[in-house]
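Descriptive structure summary
Here is how the chains run, residue by residue.
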Amino acid sequence: MAQLLKNSTVGGKQIMATSGSILEDYTEKLVNTTGVIDLNLGSVFFRDVTSNTTFTITNSKVQAHSFTLILKMRTVRTLTFPASVKWQGGEIPDMTTANKIYILTFLSIDGGTTWFGMSGGEF
């Protein structure tokens with residue numbers, strides 16, 4: 001019998017995995033945010049951007065951690081991210097088209113001191 005990995009959690013839920021196994025029926029909780037990315041609440045966040053928004057990231061874990069931010073940009077607004085975010089290519093992604101959805105992914109390997117931000121695209 002394969003050994004379970006202990007204390008494994010994803011999106012606040014405990015998961016059971018074995019070496020070489022396939023994780024099936026995996027879902028994540030979608031957390032609505034007004035700008036606070038509270039990593040105790042989940043790892044996928046959604047913001048219906050109806051006003052200028054300043055984002056903050058709280059409760060990052062000591063080890064490597066990642067999250068996804070989905071932005072529905074109805075009209076173009078100003079978005080401000082923490083100085084701890086280092087963007088792919090050195091610049092915040094272009095999110096200046098109205099009526100689009102933007103997907104951003106963030107990864108930290110130092111407990112949230114630095115976040116690497118990447119664009120997943122415009123839809």
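The structure reproduced in this document is the subject of the present report. Only a predicted model underlies this, so the values are computations on that prediction, with no experimental measurement involved.

1. Thoughts on the sheet that holds strand β8 (residues 65-73)
Spatial strand order, β3-β5-β8-β11-β12-β10: six strands in an open sheet with mixed pairing. The open sheet has two free edges, formed respectively by β3 (30-32) and β10 (85-87), since each of these has just one partner strand. Put simply, the sheet's adjacent strands are angled 30° from each other on average, direction ignored. Here nine bridges tie β8 to strand β11 (residues 100-108), and the two strands are oriented antiparallel to one another. Paired with Ile70 across the two strands is Ile103, which belongs to β11.

2. Brief notes about the pairing of strand β12 (residues 115-122)
Note: β10 against β12, three bridges, orientation parallel. Looking across to β12, one finds that Val85 is bridged to Trp115. The pairing of β11 with β12 spans six bridges and is classified as antiparallel. The residue of β12 that forms the bridge with Ile103 is Gly121. Hairpin connection between β11 and β12: a loop of six residues separates the two successive antiparallel strands, and Gly111 in this loop has a positive phi of roughly 75°.

3. Focus: a nonpolar patch on the surface
A cluster of nonpolar residues, Leu107, Ile109 and Phe116, forms a patch on the protein surface that exposes about 280 Å² of accessible area. Along the chain, the position of Ile109 falls in the loop between β11 and β12. In this structure Ile109 comes out as exposed when scored by relative accessible area, which is 61%.

4. Re the nonpolar core
In terms of nonpolar packing, the biggest core is built from 19 residues, with Leu69, Leu71, Phe81 and Phe106 touching the most fellow members. Of all the secondary-structure elements, those providing two or more residues to this core are β5 (44-49), β8, β10 and β11. Tallying contributions element by element places β8 first for this core, with four residues. Not counting residues within four places of it along the chain, the set of residues in contact with Phe106 comprises His65, Ser66, Phe67, Leu69, Phe81, Val85, Trp87, Trp115, Phe116 and Gly117.

5. A look at the side chain of Thr53
Within the element layout of this structure, Thr53 appears in strand β6 (residues 53-54). A polar contact is formed between the side chain of Thr53 and the backbone oxygen of Ser51, at a distance of 3.0 Å.

6. Comments concerning the pattern of salt bridges
Evaluation of the coordinates by the stated rule reveals one salt bridge. Measuring nitrogen to oxygen at the nearest pair gives 2.7 Å for the salt bridge that ties Asp48 to Arg74. Linking Asp48 in strand β5 with Arg74 in the loop between β8 and β9 (79-80), this pair joins segments that are 26 residues apart in sequence.

7. Some details on the packing of aromatic side chains
Per the stated rule, a full pass over the model turns up seven aromatic pairs. For the pair Phe67 and Phe106, a centre-to-centre distance of 4.7 Å together with 10° between the ring planes defines the contact as stacked. Of this pair, Phe67 sits in strand β8 while Phe106 sits in strand β11, placing them 39 residues apart in sequence. With a relative accessible area of 1%, Phe106 lands in the buried category.

About the criteria used
- By convention here, each chain's residues receive numbers from 1 onward along its written sequence.
- Given that this is a predicted model, residues contribute local features only at a pLDDT of at least 70 and side-chain atom pairs are listed and counted only at 80 or more, while totals for whole chains, interfaces and linings are drawn from all residues.
- Excluding hydrogens and water, the side-chain values take into account all heavy atoms of the structure.
- By this definition, two strands are paired if DSSP reports at least two bridges between them.
- Only DSSP runs of H or I reaching four residues or more are called helices, and only runs of E reaching two or more are called strands; each is numbered from the N terminus.
- Inter-axis angles, ranging from 0 to 180 degrees, are taken between N-to-C directions of lines fitted to C-alpha atoms, where helices are fitted over the stretch in contact.
- Patch membership requires over 30% relative accessible area and the absence of a salt bridge. Like charges are linked within 9 Å, and nonpolar side chains (Val, Leu, Ile, Met, Phe, Trp, Tyr) within 5 Å.
- Here the open area of atoms and residues is found with the Shrake-Rupley method and a 1.4 Å probe, where only the protein chains shown may cover a residue.
- In the sections that follow, a salt bridge refers to a side-chain nitrogen of Lys or Arg positioned within 4 Å of a carboxyl oxygen of Asp or Glu.
- Burial classes follow relative accessibility: with a 1.4 Å probe on protein chains only, a residue under 20% of its type's maximum area counts as buried, one over 50% as exposed, and anything between as partly exposed.
- Buried Ala, Val, Leu, Ile, Met, Phe, Trp, Tyr and Cys residues that are joined via side-chain atoms within 4.5 Å together make up what is termed a nonpolar core.
- The contact criterion used throughout is that any non-hydrogen atoms of two residues lie within 4.5 Å.
- Within 3.5 Å is the distance limit for a polar contact, defined as a pair of N or O atoms, with the added protein rule that one can donate a hydrogen and the other accept it, and that residues adjacent in sequence qualify only through two side-chain atoms.
- Only centres within 6.5 Å qualify two rings of Phe, Tyr or Trp (six-membered ring in Trp) as a pair; their planes then separate them into stacked at under 30 degrees, edge-to-face at over 60, and tilted for everything else.

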